[in-house]
Amino acid sequence: MQGKREKRDLLDVDQLELGEVESLLESAEAFEEVLRRPIKKVPALRGKTVVNLFYEPSTRTRFSFELAAKSLSADVLNFSASASSVEKGESLKDTGFTVQAMGADAVVIRHPVAGAPYLLAEWLDIPVINAGDGMHAHPTQALLDVYVMRKRLGKLEGRRVTFVGDILHSRVARSGIKVCTMLGMKVAVAAPPTFLPAWLPHGVEVFQRLDDALEDSHVIYLLRIQRERQQQGYLPSLEEYVSSFQMNEERLRKARPDVLVMHPGPMNRGVEITPGVAESPQSVVDYQVTCGVAVRMAVLFLLLRGAGGA
Ligand code: CP
């Protein structure tokens with residue numbers, strides 16, 4: 001978290017101390033219990049307003065932040081760039097000042113440009129939460145992913161997670177690799193060489209075939225393959241990608257029996273994952289979505305009611 005004028009932002013996981021990650025995960029456990037109650041609401045953020053500023057499409061993250069804020073009794077405003085004055089040329093700065101002037105208490109932003117949430121955080125006096133910026137970061141996805149891993153595996157230290165596929169363009173992998181490393185996991189990637197980024201941290205093991213990573217991985221984390229990458233020359237053919245990297249039933253049989261198969265969504269069924277694996281007992285894709293609400297409740301609560309946020 002970034003401390004600035006007595007407000008805190010969540011722009012990426014590397015702004016969090018290990019203790020803060022642990023504390024967010026513990027607080028998410030309490031909120032997960034709230035979400036299992038018949039009335040899934042607590043008054044923690046009553047009187048607060050959260051604005052979702054989405055400049056890019058989203059299903060899971062936008063709904064999840066909206067549900068999280070509403071479950072904490074906050075009011076929520078949803079902004080979609082295509083239905084706003086952005087269409088008339090309004091800048092990000094002016095849109096940010098406008099929602100702040102209306103009394104918003106926090107802004108959640110998704111933007112196609114890497115770094116846009118950092119600018120907004122500089123300009124505004126209210127907390128800014130990054131809901132995904134370009135190819136850069138997706139901190140709440142990373143936090144909900146380690147939350148799910150911890151719930152299912154218990155201790156994470158020493159467990160191996162393998163991120164598979166388009167690491168280069170993935171903000172999910174970038175934030176995920178950071179937080180998994182922070183929690184003491186062994187991190188590996190399995191990807192074609194064209195999908196390996198220059199930013200891959202020292203110590204991350206690289207596999208050029210998914211088959212070589214299966215046996216020792218406690219988590220296989222699949223990333224979405226954007227079909228347009230083939231036209232851009234990253235992949236000779238989707239068929240070739242599928243043959244080396246798709247998580248299919250045969251590969252699932254070669255993996256540990258207790259492996260977790262994860263995917264941030266949206267999935268390309270039949271490309272990076274088969275429908276059978278997506279719906280297998282090892283898949284926790286739906287549980288990731290469920291936990292996303294509890295983890296985002298924990299983030300909103302910390303930023304708006306945590307130290308200095310009351
Ligand atoms: N995982 C994720 O960010 O999904 P959305 O694009 O639907 O929000």
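This one's a predicted model, so the numbers in the text were calculated from it and none came from an experiment. (Residues numbered from 1 in each chain as written. Predicted model: local features only at pLDDT ≥ 70, side-chain atom pairs only at ≥ 80, totals over all residues. Heavy atoms only, no water.)

**Re the domain arrangement of the protein chain**
Each assigned domain of the protein chain is listed with its residue range as follows: domain 1 (13–137 + 290–306) and domain 2 (139–288). Counting residues at the interface gives 31 residues for domain 1, matched by 27 residues for domain 2. Where domain 1 abuts domain 2, roughly 2,600 Å² becomes buried across the two surfaces, and 61% of that area is made up of carbon and sulfur atoms. We note a salt bridge from Arg171 to Glu56, for which the minimum N-O separation is 2.9 Å. Broken down by element, the side of domain 1 that touches domain 2 gets its largest block of residues, nine residues, from helix H1 (residues 18–35). Here the side of domain 1 that touches domain 2 is built from residues that sort into 14 nonpolar, seven polar and 10 charged. (Domains from an automatic or database assignment. Contact = heavy atoms within 4.5 Å. Buried area = accessible area lost by both parts, 1.4 Å probe. Salt bridge = Lys/Arg side-chain N within 4 Å of Asp/Glu carboxyl O. Helix = DSSP H or I, 4+ residues; strand = E, 2+ residues; numbered from the N terminus. Nonpolar A, V, L, I, M, F, W, Y, C, P; charged D, E, K, R; others polar.)

**As for the packing of aromatic side chains**
Tallied over the entire structure, the rule returns five aromatic pairs. Relative to Tyr234, the ring of Phe195 has its centre 5.8 Å away and its plane inclined at 25°; by these criteria the two rings are stacked. A residue pair is termed long-range when its members are at least 10 positions apart, and Phe195 in the loop between strand E8 (186–190) and strand E9 (205–207) and Tyr234 in the loop between helix H8 (228–231) and helix H9 (238–245) qualify at 39 residues. When its relative accessible area of 0% is taken as the criterion, Phe195 is described as buried. Relative to Phe245, the ring of Tyr241 has its centre 5.3 Å away and its plane inclined at 25°; by these criteria the two rings are stacked. Placement of the pair is Tyr241 and Phe245 together in helix H9, with a separation of four residues, close to one helical turn. Taking relative accessible area as the criterion, Tyr241 reaches 2% and is therefore assigned buried. Sitting above the plane of the Tyr287 ring, Arg152 keeps its charged end 4.4 Å from the centroid. (Phe/Tyr/Trp six-rings, centres within 6.5 Å; stacked < 30°, edge-to-face > 60°. Buried < 20%, exposed > 50% of the residue type's maximum accessible area, 1.4 Å probe, protein only. Lys NZ or Arg CZ within 6 Å of the ring centre and 35° of its normal.)

**Side note on the pairing of strand E6 (residues 128–133)**
In the case of a regular strand, side chains alternate between the two sheet surfaces. Counting buried residues along E6, six of its six residues qualify, which places the element largely inside the surrounding structure. Judged from the four bridges that link them, strand E5 (residues 106–111) and E6 form a sheet pairing that is parallel. From the neighbouring strand, Ile109 faces E6, where its bridge partner is Asn130. Taken together, E5, helix H4 (residues 116–123) and E6 constitute a β-α-β crossover, and its handedness is right-handed. (Pairing = 2+ DSSP bridges. Right-handed = clockwise from strand over helix to strand, strands pointing away.)

**Observations regarding the sheet that holds strand E7 (residues 160–164)**
Reading across the sheet, the five strands line up as E9-E8-E7-E10-E11 and stay open at both edges, with parallel pairing between neighbours. The open sheet terminates on both sides in strands that have one partner only, identified here as E9 and strand E11 (260–262). When the angles between neighbouring strand axes are averaged without regard to direction, this sheet yields 20°. Note that strand E10 (residues 219–222) and E11 share three bridges and pair parallel. Note on E11: the bridge partner recorded for Tyr221 is Met262. (Axes fitted to C-alpha atoms, helices over the stretch in contact; angles between N-to-C directions.)

**Details of the environment of Ser175**
Relative to the helices and strands, Ser175 resides in helix H6 (residues 171–182). Judged by relative accessible area, Ser175 falls into the buried class, the value being 0%. The sequence separation of Ser175 and Val295 amounts to 120 residues, and the corresponding C-alpha distance is 15 Å. Leaving out residues up to four positions away in the same chain, Ser175 has contacts with Asp12, Val13, Ala137, His138, Pro139 and Ala142. Here Asp12 takes part through its side chain, which lies 2.8 Å from a polar atom of the side chain of Ser175. For Ser175, the side chain forms a polar contact with the main-chain nitrogen of His138, separated by 2.9 Å. (Polar contact = N/O pair within 3.5 Å; in protein donor to acceptor, adjacent residues only side chain to side chain.)

**Examining H1**
Residue pairs three or four apart in sequence face the same way in an α-helix, which turns once every 3.6 residues. Given a rise of 1.5 Å per residue, 18 residues ought to cover 26 Å, and the 26 Å separating the end C-alpha atoms of H1 matches this to within 8%. On its buried side, H1 packs onto strand E2 (7–9), helix H2 (60–71), helix H5 (139–153), H6 and helix H12 (285–305). (Expected span 1.5 Å × (residues − 1).)

**Section: the site of the ligand**
In the neighbourhood of the ligand, the contacting residues comprise Ser58, Thr59, Arg60, Thr61, Arg110, His138, Gln141, Pro264 and Gly265. Side-chain polar atom of His138 to an oxygen atom of the ligand: 2.9 Å apart, as the coordinates give it. Within the backbone of Gly265, one N or O atom sits 3.3 Å away from a nitrogen atom of the ligand. Here the ligand, which alone exposes 250 Å², has 92% of that area covered by the protein. More than half of the atoms belonging to the ligand lie within 2 Å of the grid points that define the largest pocket. In the shell around the ligand, the residues fall into one nonpolar, six polar and two charged. Residues from two domains meet in the shell around the ligand; each of domain 1 (13–137 + 290–306) and domain 2 (139–288) gives at least three. (Near = heavy atom within 4 Å. Areas by Shrake-Rupley, 256 points an atom, 1.4 Å probe, with all protein chains shown as cover. 1 Å grid on protein atoms, 1.4 Å probe; cavity = no way out; pocket = protein on both sides within 12 Å on 5 of 7 lines; lining within 4 Å. Sits in = over half its atoms within 2 Å of the grid points.)

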